[in-house]
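# Descriptive structure summary
Below are the chains, spelled out letter by letter.
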Amino acid sequence: MSNLLQKASIVTTPTAYGVGVLNSIKPAQSFGEELIVNGNFETDSNWNNSDGGNDWQIVNGKLILTTTSANNVNQGIGLVQNKFYKIVFTISNTTLGGLRIRLGTGSFTSTYTDGTHTLYLEQTTTNDAFRFYADSSGVFNGSIDNVSVKQVDPNDRWVLGTGWSKEQGKAVKIAGSSGELVQLSVFPSGFLSKTFKITFTLEVTAGSVRLRAGTNNQSYLNSSGTYSYTLTPAGNDQLKFNGDSSFVGSVTNISVLEVQQTDIPRLDYTNGTASILLEPQSTNIIEYSEDFSNSYWAKSGAVVISDSAVSPDGTLNADKLNFTASNGEIVKGMTFISGQTYTMSFYAKTESGTLDFIYGNMDYSTISGTATNEWQRFVITQTLPTATRFPKIQTTEIGSLLLWGWQVEQQSYPTSYIPTEGSAVTRAAETLNNAGNSDLINSTEGVLYCEIAAFSNSGQFGNITLNDGSATNRVRLEIENGQIKVKIDTSSGQVASFSHSVDVTSFSKIGIKWKENDFALYVDGIETNVDNSGVSFAPNTLNNLAFDRGDTLQDFYGRCKSVAVFKEALSDTELACLTSTNNREILLNYYYRMQYVGANTEALSCAEQTFKI
């Protein structure tokens, strides 16, 4: 992996696959600024009665109609003819009638009652006002709150060919034309020699549509699903969707990501936010991890239909197993090392409903599983007493199972999926190295901050240290067997030693403070350990931040959202804040006084500079 910190005081890692999102594109879901003023009715202002009266009033933070009326309440918000707008509002306590919307002097919407409503409307007139009306009888007895109006796709990134339109958060096409959906200048300079990952969600009612990256045409698609292509564009920098004349359907959730093959950290989004994924070397010894029609797999009471569904990687490569008997199975006889621990994992789902099954590495030791209509990864870890075993799935009822990504590894927890196509595949260990700038490390006092998680509550997952290039002088953080362990070692001996038990598979925010006669460990906002005696490091001793124990051994493996080094010992209040749920403010306050490695850039979004890895 690449050097993370050299001369730069702060470095942020990419925020997506490869070097990051170049153009995250969502048709009819890219919005302009909020146009409504006082949409939560905190003050009695900005809203106008059409007759100049007081039929509509703001009372107790809500907009209400005090009498039966055909008049409207409105705001002039600069609506532009032929533009689309996303409108959100909440209605509560309706007892009579309902509420209608009108853009300018255009058509009325349907009548709405209680609930939060989201509409996409086109402004068809030149009048720029947004208006609320009672129902066609002039009756509305209820309350309105949380009103929002934003222009859809204000930058007009998409050129809509004949038959295409934007509706309900999607780019939609009707039959009768072969028009294209086009976005110009998607790919950056030098795109002819670069590779991109393009992902989108397709809904097909009739006909087919294909992706075009410049003039690089892909095959026509006639099935709904989420698709992912990794390719190099040709000809020009445009991204296009070309539907045939009979295509009826929609495209949405489009993203374009540049791919770099080396020196780029893999990012994990399991919990919704990015973390750097650092894994040990591992081998998937299953030789056909996706093709279950291959004779490599033995089937009994099961029929395989290849490439039947879109898998978790967004590709149409998941197989369907139709189990024709209650004990139908798919199995592979293999030779293992007796007495060693192995972990088997696979992804499974049904097309509808549930399906019960058993699975395991052994022919006589299994656990129960239930597949639903959502993809799940099923995992079993076993220490095998004899060499010949049979990884398998066996149903307890007749039904169909979608299957993808079968993996068997010789270790006690599952790593990320390693695809295979005819032979075992080994993924090399990942390291994070050369992360150090001595100008930004104060040996006599400071704080080492980490937000990390391990893969399992058992086992040793390595170290993160501040050190002098050896294991002699170091502030050492170690994750082992469900514990956070801290050791502060100097050339004169160990100064402090702390340990704290926690679920290390969940992210913890950890702060380690060192200063003469002031050493402490904070975990998730709580001071868990303290030692008020001991001599700190001599000046200019610590000069390196490393994802190992200081001597290049015992690399850290796990998920890392961020690591920061502060040049001063923070106060108890600051440490509690730093390791609490919301630490954005303190990170920003210290932005130019620390060095930082991280995948979660939210706290640094207002920074003036970032450095690519």
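What you are looking at is a predicted structure, and each value in this text was computed from that prediction instead of being measured.

Here the focus is the packing of aromatic side chains. Counting across every chain of the model gives 32 aromatic pairs. With 6.3 Å between their ring centres and 25 degrees between their planes, W56 and F140 make a pair best called stacked. Of this pair, W56 sits in strand β6 (residues 56–59) while F140 is found in strand β13 (residues 140–152), placing the two residues 84 residues apart along the sequence. Pairing F187 with F191 gives two aromatic rings, centres 6.2 Å apart and planes at 35 degrees, and the pair type is tilted. Per residue, the accessibility class of F187 equals that of F191, and both read buried. Members of the aromatic cluster, joined through ring pairs, are Y288, F292, Y296, W297, F346, F357, Y359, F378 and W406. Sitting above the plane of the F108 ring, R100 keeps its charged end 4.1 Å from the centroid. Its end group placed over the ring of Y296, K332 keeps NZ or CZ at 4.1 Å from the ring centre.

Attention now goes to empty space enclosed by the protein. Scanning the model with the defined rule gives 2 cavities of 30 Å³ or more in all. Counted as a void, the second largest cavity has a volume near 30 Å³. In terms of lining, the second largest cavity is formed by I452, A453, A454, I479, I484, V502, V504, S506, S508 and I510. The set of elements that each furnish at least two residues to the lining of the second largest cavity consists of β41 (446–453) and β46 (508–514). Tallied by class, residues from the lining of the second largest cavity come to 8 nonpolar, 2 polar and no charged.

Quick look at the pattern of salt bridges now. Applying the stated criterion to the full structure yields 12 salt bridges. The shortest N-O distance in the salt bridge between K513 and D572 comes to 3.6 Å. Remark: D572 occurs in helix α1 (residues 572–578) and K513 occurs in strand β46; sequence separation between them is 59 residues. Residues joined in a network through salt bridges with shared partners are K513, D518 and D572.

Alternating residues of strand β37 (residues 392–395) divide into K392 and Q394 and I393 and T395, and every residue in both groups is buried. In the sheet, strand β30 (residues 329–331) pairs with β37 via 3 bridges, with the strands oriented antiparallel. Its bridge partner lying in β37, V331 is registered against K392.

Across the protein, the average pLDDT comes to 83, with 85% of residues at 70 or higher. Low pLDDT, under 50, characterises residues 1–29; the predicted model gives this stretch 128 contacts beyond four residues in sequence or across chains. Segment residues 600–613 is flagged for pLDDT under 50; beyond a separation of four residues in sequence, or across chains, it makes 35 contacts in the model.

About the thresholds
Residues numbered from 1 in each chain as written. Predicted model: local features only at pLDDT ≥ 70, side-chain atom pairs only at ≥ 80, totals over all residues. Heavy atoms only, no water. Phe/Tyr/Trp six-rings, centres within 6.5 Å; stacked < 30°, edge-to-face > 60°. Helix = DSSP H or I, 4+ residues; strand = E, 2+ residues; numbered from the N terminus. Buried < 20%, exposed > 50% of the residue type's maximum accessible area, 1.4 Å probe, protein only. Lys NZ or Arg CZ within 6 Å of the ring centre and 35° of its normal. 1 Å grid on protein atoms, 1.4 Å probe; cavity = no way out; pocket = protein on both sides within 12 Å on 5 of 7 lines; lining within 4 Å. Points joined across faces, edges and corners; volume = space filled by probe spheres on them. Nonpolar A, V, L, I, M, F, W, Y, C, P; charged D, E, K, R; others polar. Salt bridge = Lys/Arg side-chain N within 4 Å of Asp/Glu carboxyl O. Pairing = 2+ DSSP bridges. pLDDT = per-residue confidence, 0-100. Contact = heavy atoms within 4.5 Å.

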